[in-house]
Amino acid sequence: MTSRRTFLKITAAASLAPAVAWAQGAGRVVVVGGGFAGATAARTLKKLEPGLTVTLVEPNTVFTACPFSNDVIVGQRELKQQEFGYDKVVGAGVALARAQASAVDAAAKTVTLPDGTKLAYDRLILAPGVDLTWSALPGYTEEAAEKMPHAWKAGAQTTLLRRQLEAMEDGGLVVISAPANPYRCPPGPYERASLIAWYLKTKKPKSKLLLLDAKDVFSKQKLFQNAWAALYPGLLEWVSLSNGGKVTSVEPSTLTFVTDFARHKAAVANVIPPQKAGAIAVQAGVADRTGWCPVEPMSFESTLQPGIHVIGDAAIMGGMPKSAFAANAQAKVCAAAIVAKLAGRAAPEPRLINTCYSLVAPDYGISIAGVYKPDKGQLIDVPGAGGTSPLDADAAFRSLEARYAESWFKTITAETFG
Amino acid sequence: MRWLALALIAVLLSSGAALAASPEGPPGASSCSGCHAASQSADTAVPSLAGRPVADTVRAMHEFRAGTRPATVMGRIAKGFNDQEIDTIAVWFGAQK
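Residues numbered from 1 in each chain as written. Chains lettered and ligands numbered in written order. Predicted model: local features only at pLDDT ≥ 70, side-chain atom pairs only at ≥ 80, totals over all residues.

## Description of the overall build of chain B
Phase 1 of the analysis: The number of helices and strands found in chain B is five helices and zero strands.
Phase 2 of the analysis: Once local pairs closer than 6 in sequence are excluded, the contacts in chain B between residues at least 24 apart make up 62%. (Helix = DSSP H or I, 4+ residues; strand = E, 2+ residues; numbered from the N terminus. Contact = placed C-beta atoms within 7 Å.)

Shown next as structure tokens:
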């Protein structure tokens, strides 16, 4: 937690800086949320315009990354390798307010912290990530998640699911439920199912995995299904929406998933629940009725509240998926656009790239990529670009993509946290 | 390759020089460092693009786009950029240290 002294220092900087800063053409930017989007934005702002006063509001001292956390669940990686601190972010000249932002006043242009401190801003970036929508799945509560982990925010939940799998007897049934779109990391549930199937095949071969889905189509579907048929026949079963895969309620006391057609009692139950933008986005008035945040595609400024930019998983980014790669790319474009706006310059029309790798086994990687540009108020796929790994690639190609996936994680975390 | 050199000089003399000096880079460039480490000293399977000769980056992107250079993901990404965009990105990375 932040000491009173830290807050005083931040508020002192914030209240003394404006007159000087404006004279130099700089300004004050507050960033809420220190994940792939927020931490990247804060560091990039200082890199592009060292005269800016940049404050990052983030309650955690350590960030635990979701990409590769499926590897942790199956014992291929330790949680420690997912953890990143903010020392380099602070080293870049970013003031860190260790607190959960409690309110945004869009009219007064302030962010309020729990102790009453108000941070004034010229531009605000909200990067709150996702909140789990506890009310959306009857029976699924924070308490239920201690028995049926979601593991969709990396940390204690990741470890809990791993321990449950390790403790399960050979011959047990693992059940995963995947939500309807949109949600964080579209291919994530399928990578998880793949790697858990690999774990079961390797360690507990009499076991089965059932993936109950609220969708009929999903990211990299053909690649996943081909791999499942080749690697995990009879072990991994995917139940689509049309085949009754949508889970309508859960019963934590018996680890049971209920659909319109059946009841599935699991030995290990992983519920990936419906999601929405982090609560501060709703409080700030930047989320619409869908629960997500509409933004314009040049600078990711909210279409509902001028002066507030939303990046990362919380935002509606047209064709761009909710991924760490996308969040990092959006943050860099957003930072450059804000620097241009504060200096009274026009920023060029951006181009963004996304690349998402998934592992279907430790040495078997697949990917999807896209290039995006603004068009009629949306980010759209640049026609002719992007797509998934070839369906007919050989083992060397899959192995290379697994290697590139690991390389990507190393690079993106260094790019974000230093 | 003479046309390429001439084209690159033209780019450098126009908006390219300003872009090469700007820390944010031309459109698209900031996304590259998601996979290509900003630091040349990074020990990763994917090479850094910082300080790479401009003609090398341009040739690689053209070949990725045409499908004549073996690729995993770059063939799909290169198709999202036209010649001029590739030139400005290559010039900018060439000027990075």
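Once you've had a look at it, read on.
## A few points about the overall build of chain A
Phase 1 of the analysis: Summing up its helical and strand segments, chain A has 10 helices and 25 strands in all.
Phase 2 of the analysis: By the compact-globule yardstick of 22 Å for 418 residues, chain A fits well, its C-alpha radius of gyration being 22 Å.
Phase 3 of the analysis: Principal-axis analysis of the C-alpha atoms places the extent of chain A at approximately 70 × 45 × 35 Å.
Phase 4 of the analysis: Counting the 418 residues in chain A, one finds 53% classified as buried.
Phase 5 of the analysis: By sequence separation, contacts in chain A at least 24 residues apart represent 69% of the contacts at least 6 residues apart. (Rg over C-alpha atoms; globule rule 2.2 N^0.38 Å. Buried ≥ 20, exposed ≤ 12 C-beta atoms within 10 Å, placed from the backbone.)

## Some details on the environment of A:G155
Phase 1 of the analysis: Locating A:G155 in the fold gives a position in the loop between β10 (130-132) and α5 (156-167).
Phase 2 of the analysis: Overall, the presence of 18 C-beta atoms within 10 Å leaves A:G155 in the partly exposed class.

## Observations regarding the pairing of strand β12 (residues 208-213) of chain A
All names here are of chain A.
Phase 1 of the analysis: Where strand β11 (residues 173-178) and β12 come together, six bridges link them in parallel fashion. Directly across from L173, in β12, lies its bridge partner K208.
Phase 2 of the analysis: Regarding the hand of the β-α-β motif, the stretch spanning β11, helix α6 (residues 188-203) and β12 is right-handed.
Phase 3 of the analysis: Pairing of β12 with strand β13 (residues 236-239), which is carried by four bridges, proceeds in the parallel orientation. Its bridge partner lying in β13, L211 is registered against W238.
Phase 4 of the analysis: Between β12 and its parallel partner β13, the chain crosses via helix α7 (residues 221-231), and the hand of that crossover is right-handed. (Pairing = 2+ DSSP bridges. Right-handed = clockwise from strand over helix to strand, strands pointing away.)

## Let's talk about the interface of chain A and chain B
Phase 1 of the analysis: Contacts between the two partners involve 36 residues from chain A, matched on the other side by 21 residues from chain B.
Phase 2 of the analysis: Mapped by element, the contributors of at least two residues to the side of chain A that touches chain B are α2 (36-48), α9 (324-342), β22 (352-361), β23 (364-375) and α10 (395-417) of chain A.
Phase 3 of the analysis: With 12 residues, α10(A) is the single largest residue contributor to the side of chain A that touches chain B.

## Quick word on the domain arrangement of chain A
Residue and element names in this part refer to chain A.
Phase 1 of the analysis: In terms of domains, chain A is made up of domain 1 (4-129 + 278-348) and domain 2 (137-274).
Phase 2 of the analysis: Counting residues per element, the side of domain 1 that touches domain 2 draws most heavily on helix α3 (residues 69-73), which supplies five residues.
Phase 3 of the analysis: Across the side of domain 1 that touches domain 2, the residue classes tally to eight nonpolar, six polar and three charged. (Domains from an automatic or database assignment. Nonpolar A, V, L, I, M, F, W, Y, C, P; charged D, E, K, R; others polar.)

## Concerning the nonpolar core
Residue and element names in this part refer to chain A.
Phase 1 of the analysis: Counting residues in hydrophobic clusters, the biggest one holds 160 residues, and the most contacted among them are V31, A41, L126, I196, C293, V310 and I311.
Phase 2 of the analysis: Considering each element in turn, this core owes the most residues, 14 residues, to α9.
Phase 3 of the analysis: In terms of domain composition, this core takes at least three residues from each of domain 1 (4-129 + 278-348) and domain 2 (137-274).
Phase 4 of the analysis: Apart from the residues within four sequence positions on either side, I196 is in contact with I73, V74, L165, V174 and L209. (Core = buried A, V, L, I, M, F, W, Y, C linked by C-beta atoms within 7 Å.)

## Examining the packing of α2(A) against α10(A)
Residues and elements named next belong to chain A.
Phase 1 of the analysis: Where α2 contacts α10, the axes come no closer than 7 Å and their chain directions differ by 50°. Taken together, the axes of α2 and α10 lie oblique to each other. Between α2 and α10, the contacting residues are F36, A39 and T40 on the first element and E415, T416 and F417 on the second.
Phase 2 of the analysis: Of the residues belonging to the contact of α2 with α10, the class tally is three nonpolar, two polar and one charged. (Axes fitted to C-alpha atoms, helices over the stretch in contact; angles between N-to-C directions. Parallel < 35°, antiparallel > 145°, perpendicular 65-115°, else oblique.)

## Description of the confidence of the model for chain B
Phase 1 of the analysis: With 78% of its residues at a pLDDT of at least 70, chain B reaches an overall mean of 87.
Phase 2 of the analysis: Two numbers describe this predicted complex: its pTM, 0.93, and its ipTM, 0.91. (pLDDT = per-residue confidence, 0-100.)

## With respect to the pairing of strand β24 (residues 378-381) of chain A
Put simply, side chains in a regular strand alternate between the two faces of the sheet.
All names here are of chain A.
Phase 1 of the analysis: Examined bridge by bridge, β23 and β24 share four bridges and lie antiparallel to one another. Within the sheet, the bridge partner assigned to D375 lies in β24 and is Q378.
Phase 2 of the analysis: Between the antiparallel neighbours β23 and β24 lie two residues, among them K376 with a positive phi of about 50°.

## As for the sheet that holds strand β6 (residues 103-105) of chain A
Residue and element names in this part refer to chain A.
Phase 1 of the analysis: Read from one edge to the other, the open sheet built from three strands follows the order β6-β7-β8, with strand pairing classed as antiparallel. If you trace the sheet from one side to the other, it starts and ends with β6 and β8 (118-120), each paired once. Within the sheet, the average angular offset between the axes of one strand and its neighbour, ignoring direction, is 20°.
Phase 2 of the analysis: Across three bridges, the pairing between β6 and strand β7 (residues 110-112) is antiparallel. From the neighbouring strand, A103 faces β7, where its bridge partner is T112.

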